[in-house]
Structures are given as C-alpha cells and as structure tokens.
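Listed below, chain by chain, are the residues.
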Amino acid sequence: EEGEGLTHCDDRVGIHPSNRTLKMSKNKTIRAQTYDIVFGVSQLGTYMEWIILTTIAIATVSFVLSTVEELNDNGGEDVFYTIEAVCVGIFTLEYIFRLWSCVEDPAVKRRIRSHCYARWLFCTYFFSIIDLASILPFYVDLALGPGNQLENTSAIRALRLFRVLQAEKYVAAFSMFQDVWEENKYILMYTGVLALILWIAVASMFWLLEAGNPNVDGAFDTVPNSLFMTAIFMGGEWAETDFTPGGKVLGVFMCWVAINLFAVPIGIIASGFEAVSTRERKKKKRLGPSY
C-alpha cells in the first residue's frame, strides 16, 4: 500500500483525499506523485491547492468586473478574456491530472480494480462535475467561433466558487459546519419539514383569502404565486400588505409563526457552533500547539 487513512468525502469510493495521513513511499510512480500534488496530499500539493484557490478568486473577480460595461471599453474586454483563458487553462490541466491520477487513491486501489470505472466515479463526484461545468462553456464558445457564442455562459464558471469548500483542511470553519450538522441534523431536519408544511399551508390560505383581490395585483391568484410571496413574508419582508380582513389576520399569524419558526434552527446552529468550538479549544489545549 502506498498510503493509509482515507477521507470521508465520498461514501462510494472516497475519491477526494482531503484530511488524510499518508505513509509516504520512497519509490513512487509519476502518476502517484501527481496524485499527491493535485489532491493536496503532499506539502507541494498544499501549495498547489492554494494556487488553485487563488486562481478561482482571480477568475471570479474577473467575471464580476467583466459585467461592468465601462470596464470593457478601451481594450478591457481583451484583458478579461485573457485572464479567463489563462484561468481555464490552469483548471483544465488540473482536471486532466486529477482524472489521470485518481486511480492512485488508496481506497480505490483496495476496492476498485478497473481504472476506467474508478475514473467514471471520479467524474460523477460533485466537485468534479462543478469543475467540468465551469470550463466546458469556454471551449464550447471557442469551437463555435466569434459571433456564435452561447448566451450567458460566463456565469456558469462562477460555480468554481464551490471548490472553496474543499479547502476545509486549511480553513477549520468548514469542518465545524459538518460537526454541527452531525450533532443536530435530526432536529434541524424536523424544523425544516415543519417549515415546509407551514409554508405550503399558509400559502394555500393566502390563495383562498386573497385570490381575486385587485389591491395585490394578482400576487395570490395561483398557489405557486402565493408560495413565492409567502416565502418572502417568512423572511421578514412584506411586498404586499393591502389585504382583505381575513388576509390581515393571516398576516399577523404569519408574523408570529415566522419569528418562532426561524428562531429554532438559528438557535440550534448557534449553540452547536459554541459547543463545537469549546470542544476544539479544550482538545487543542490538551494536545498542545501542534494539534
């Protein structure tokens, strides 16, 4: 074996190796060394991960600024295109190297003998889909040629921001989210189901009471429209207030429900973070600065 200790990221094969401790082999193949780098296993891989995250940040900022019309004048459009081309090139090389070397994952070696099947599983992993979706539009536009590009494909490349979530071994806060969820997931799921039921029920009641009310401009003429408006109400905003008497009573009830409904999960999450952070501080104090 070239390594032990796989991460928790994908239950099918554990294809993404973050937060693992590997026993390094002195004689590794080029593919195994590539795996250590592009999956952030080795020290060099840590630097590589930060380079990718920095590239993601640059590509995202460039995309945001490119939507400002004034910045595209006087050659600005060419600058944004160059930045995008360089970033997509880096992302493409990283994706190819990941696809090629993912078969070196210790768990894959133990559980999957077919390299083709292992690579297929890698391609179906959430972050791999995000990576591919963020670079494909660039090549599609390149193949179609000038004047034939697809509309609004640049926004798809912003999906790369999800890759920041893979940096949990560098940003401890991401790991804390999972700990809080694991400790409170059942009560959070219960409150989520309760919120869904109340949302649909209240929206249906608004539809019954306010459908045909000329003062709300058809905002509740259908249940889907009513669901949209009710979701806004539950967030504390009231886009429409000129209700019938029955609608006003329901609106008061909505205020009471929304406050209590949203206070429960927020309180649970806040107390969960406090408990996890306290536990981590105690562990760090017990194990020392090297933890």
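Residues numbered from 1 in each chain as written. Predicted model: local features only at pLDDT ≥ 70, side-chain atom pairs only at ≥ 80, totals over all residues. Heavy atoms only, no water.

Q: Summarise the pattern of salt bridges; cite the residues concerned and give the values.
A: Within this structure, the stated rule accounts for 7 salt bridges. With its nearest N and O atoms 2.8 Å apart, the salt bridge here joins Glu 104 to Arg 31. Residue Glu 104 is found in the loop between helix H3 (76–101) and helix H4 (106–111), and its partner Arg 31 is found in helix H1 (residues 30–38); the two are separated by 73 residues along the sequence. Classification of Glu 104 by relative accessible area gives buried; the value is 6%. One salt bridge connects Glu 104 with Lys 109, and the closest N-O pair in it is separated by 2.9 Å. Look at Lys 109 and you get partly exposed, because its relative accessible area is 36%. (Salt bridge = Lys/Arg side-chain N within 4 Å of Asp/Glu carboxyl O. Helix = DSSP H or I, 4+ residues; strand = E, 2+ residues; numbered from the N terminus. Buried < 20%, exposed > 50% of the residue type's maximum accessible area, 1.4 Å probe, protein only.)

Q: Can you explain unusual backbone geometry? Please cite residues and give values.
A: At Asn 74, a residue that is not glycine, the phi angle is positive and equals roughly 55 degrees. In this fold, Asn 74 is placed in the loop between helix H2 (43–66) and H3. The exposure class of Asn 74 is exposed, given its relative accessible area of 85%. Even without being a glycine, Asp 217 presents a positive backbone phi close to 55 degrees. With respect to the helices and strands, the residue Asp 217 is situated in the loop between helix H8 (172–210) and helix H9 (223–234).

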